[in-house]
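Here are the chains, one letter per residue:
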Amino acid sequence: MVCALCQNHMKTSELIYLDNNATTRVDPAVVDEMLPYLTELYGNPSSGYRFGQQVGKALDKARERVAHLIGCEPGEVIFTSCGTESTNAAINSALLMDRDRQHIVTTRVEHSATLKHCETLAKQGHEVTWLGVDEKGQIDLHELEKAIRPDTAIVTVMWANNETGVLFPIHEIAEIVRKKHVLFHTDAVQAVGKIPLNLAESKINFLSLSGHKLHCPKGVGVLYVNKRTKFAPYLIGGGQENGKRAGTQNVPSIVALGKACEVAGHNLHHEKTVVRKLRDEFEKGVLTQIEGAHVNGDTEHRLPNTSNLAFEGIDSEGALMLLDQNHICCSSGSACTTGSVHASHVLKAMGLSDERARASLRFSFSRFNTHAEVEKALEIMPKVIGKLRRIAMAA
Ligand SMILES: *Cc1c(COP(=O)(O)O)cnc(C)c1O
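Our subject in this report is the structure included herewith. (Residues numbered from 1 in each chain as written. Predicted model: local features only at pLDDT ≥ 70, side-chain atom pairs only at ≥ 80, totals over all residues. Heavy atoms only, no water.)

## Looking at the packing of aromatic side chains
Item 1. One pass over the structure, following the stated rule, counts four aromatic pairs.
Item 2. Taking the centre distance of 5.0 Å and the plane angle of 75° together, the rings of Tyr42 and Phe51 count as edge-to-face.
Item 3. Ring plane angle 50° and centroid distance 4.7 Å describe the contact between Phe282 and Phe363, whose orientation is recorded as tilted. Taken together, the residues Phe282 in helix H7 (residues 251-289) and Phe363 in strand E12 (residues 360-364) connect sequence positions 81 residues apart.
Item 4. The buried category is assigned to Phe363, whose relative accessible area is 0%.
Item 5. When the ring centre of Phe368 is taken as origin, the NZ or CZ atom of Arg25, which lies over that ring, is 5.6 Å away. (Phe/Tyr/Trp six-rings, centres within 6.5 Å; stacked < 30°, edge-to-face > 60°. Helix = DSSP H or I, 4+ residues; strand = E, 2+ residues; numbered from the N terminus. Buried < 20%, exposed > 50% of the residue type's maximum accessible area, 1.4 Å probe, protein only. Lys NZ or Arg CZ within 6 Å of the ring centre and 35° of its normal.)

Structural data, given as structure tokens:
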């Protein structure tokens, strides 16, 4: 069967996909697991008869698998439609809890799911304290502590930065916030499946994760709500998700997320060793072959899969086009802001000049990348950067 559309599709065999912080390839084992719930197992998980209960059991299993990966109890896992929903829901819940607590503390380097939501809340009259970062992309914990006030509703700080991979000391931050009797949320969308997380040992109240960043389909996420933390639902209706998120569950995607979490758990060691090695090999190769290339952000506290690099004398928009022609997918800033002329807010917050921020590219790896792809990318990179510099010189 020949599909006219398919002729326009990229042949994925020639694609070198180095944009795994934007989204990831769905693991075939995940597809296998979800397929029956798109075909014969279509019962409503809330129905009382066995045809529904069977589906309800699949939800339970998925909930257990998610809980196992992040070290919490299954009852603390709420399935949502995406990481953005989870993040919005945690912040909104905190604001609804106590009328006298309407102040929010966050950072200048959050994903737009938090950043734009807080900007909107600020326009609606909520006070927001934006914590800055140093040149490595780290926040100052004393500054964080001082920012917390008696009227603070919630502190929200991401676990791992999607652009630079920089890791914040989340357990330490959670301790500080707890001592002040304030709620703490972390956007862990980029951390889950890449580094081990154990919520049982933490003072975190809320945590967000997203399926499509860990080899599951798009459009499913989780909000972890600690069992001792009160929660005000965002979606109101049926009693699904223990009354915390109404709406009939997206069963196939939730089953997929459960499987993706199980596989991610088995691969944590692989992330720390094999994926890290691919990233390091690429980064070292680029730095040795290309003059005037620099790593952006803390290389000590960083995800194993991410490399954010600045190349003197280039413009990232042009670089993305040339790399695309060479079948390499990567990004400048975050995918959500690509196409806009603004330099990355994360790199700007780190004190990088506009010029250097606009000369930066993010490469993010996954267990589906290969050594051969890294070698091929290392052949292409010096040519592309050289060409861009020659064009810039001529102009
Ligand atoms: C991708 C991402 C999100 C948003 O998740 P969606 O499921 O796409 O809504 C939020 N935070 C971070 C850090 C992300 O990388």
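Further notes follow.
## Let's talk about the sheet that holds strand E4 (residues 127-131)
Item 1. Taken in spatial order, the seven strands make up an open sheet running E2-E8-E7-E6-E5-E3-E4, and their pairing is mixed. Two strands lie at the open edges of the sheet, namely strand E2 (77-80) and E4, each paired on one side alone. Neighbouring strand axes in the sheet, compared pairwise and without regard to direction, differ in orientation by 20° on average.
Item 2. In the sheet, strand E5 (residues 152-156) pairs with strand E6 (residues 183-187) via three bridges, with the strands oriented parallel. Bridging across to E6, Thr156 finds its partner in His185.
Item 3. Strand contacts of helix H2 (residues 50-70): E2, strand E7 (206-210) and strand E8 (221-225), with the helix running at about 115° to E2, the strand carrying the most contacts. (Pairing = 2+ DSSP bridges. Axes fitted to C-alpha atoms, helices over the stretch in contact; angles between N-to-C directions. Contact = heavy atoms within 4.5 Å.)

## Description of helix H4 (residues 112-123)
Item 1. Between its terminal C-alpha atoms H4 stretches 16 Å, which fits the 16 Å expected from twelve residues at 1.5 Å a residue.
Item 2. Buried within H4 we find Ala113, Thr114, Leu115, His117, Cys118 and Leu121.
Item 3. Summarising the contacts, the buried residues of H4 are in contact with helix H3 (83-97), strand E3 (103-107), E4, E5, E6 and helix H9 (345-349).
Item 4. At the exit of H4 stands Gly125, carrying a positive phi of roughly 110°. (Expected span 1.5 Å × (residues − 1).)

## Structural notes on the environment of Leu235
Item 1. Examined against the element boundaries, Leu235 turns out to sit in the loop between E8 and H7.
Item 2. Residues Leu235 and Gly137, 98 residues apart in the sequence, show an inter-C-alpha distance of 35 Å.
Item 3. In this structure, Leu235 is in contact with Glu85, Arg245 and Ala246, ignoring residues within four places of it in sequence.

## Notes on the state of the cysteines
Item 1. Across all of its chains, the model carries zero disulfides by this definition.
Item 2. With no disulfide of its own, Cys261 lies 7.8 Å from the sulfur of Cys216, the closest cysteine sulfur.
Item 3. No disulfide involves Cys330; its nearest neighbouring cysteine sulfur is the one of Cys329, lying 8.0 Å away.
Item 4. Accessibility expressed as a relative area gives 10% for Cys330, which makes it buried. (Disulfide = S-S within 2.5 Å.)

## Examining the nonpolar core
Item 1. Membership of the largest hydrophobic core comes to 68 residues, with the highest contact counts inside it found for Ile70, Trp159, Ile173, Leu207 and Leu257.
Item 2. Considering each element in turn, this core owes the most residues, nine residues, to H7.
Item 3. When residues of this core are assigned to domains, at least three fall in each of domain 1 (12-21 + 267-394) and domain 2 (28-266).
Item 4. In terms of nonpolar packing, the next biggest core, distinct from the first, is built from 29 residues, Leu18, Val275, Ala319 and Phe365 among them. (Core = buried A, V, L, I, M, F, W, Y, C linked by side-chain atoms within 4.5 Å. Domains from an automatic or database assignment.)

## As for H2
Note that an α-helix has 3.6 residues per turn; residues three or four places apart therefore point the same way.
Item 1. Given a rise of 1.5 Å per residue, 21 residues ought to cover 30 Å, and the 30 Å separating the end C-alpha atoms of H2 matches this to within 8%.
Item 2. Taken together, the buried positions of H2 are Gly52, Val55, Gly56, Ala58, Leu59, Ala62, Arg63, Arg65, Val66, Ala67, Leu69 and Ile70.
Item 3. Where H2 is buried, its residues contact helix H1 (28-34), E2, E7, E8 and H7.
Item 4. At the exit of H2 stands Gly71, carrying a positive phi of roughly 70°.

## Some points on unusual backbone geometry
Of all residues except glycine, most have a negative phi; of all peptide bonds, most are trans.
Item 1. The phi dihedral of His215 is positive, around 65°, even though this residue is not glycine.
Item 2. Checked against the element boundaries, His215 lands in the loop between E7 and E8.
Item 3. With a phi angle near 55°, Asn242 is a residue other than glycine that sits in the positive phi range.
Item 4. Positionally, Asn242 belongs in the loop between E8 and H7.

## Remarks on the site of the ligand
Item 1. Neighbouring the ligand are Cys82, Gly83, Thr84, His111, Met158, Asn162, Asp187, Val189, Gln190, Ser210, His212 and Lys213.
Item 2. Note that an oxygen atom of the ligand is positioned 2.6 Å from one of the side-chain N or O atoms of Thr84.
Item 3. Here the ligand loses 90% of its free accessible area of 380 Å² to cover by the protein chains.
Item 4. The residue makeup of the shell around the ligand, split by class, is three nonpolar, seven polar and two charged. (Near = heavy atom within 4 Å. Polar contact = N/O pair within 3.5 Å; in protein donor to acceptor, adjacent residues only side chain to side chain. Areas by Shrake-Rupley, 256 points an atom, 1.4 Å probe, with all protein chains shown as cover. Nonpolar A, V, L, I, M, F, W, Y, C, P; charged D, E, K, R; others polar.)

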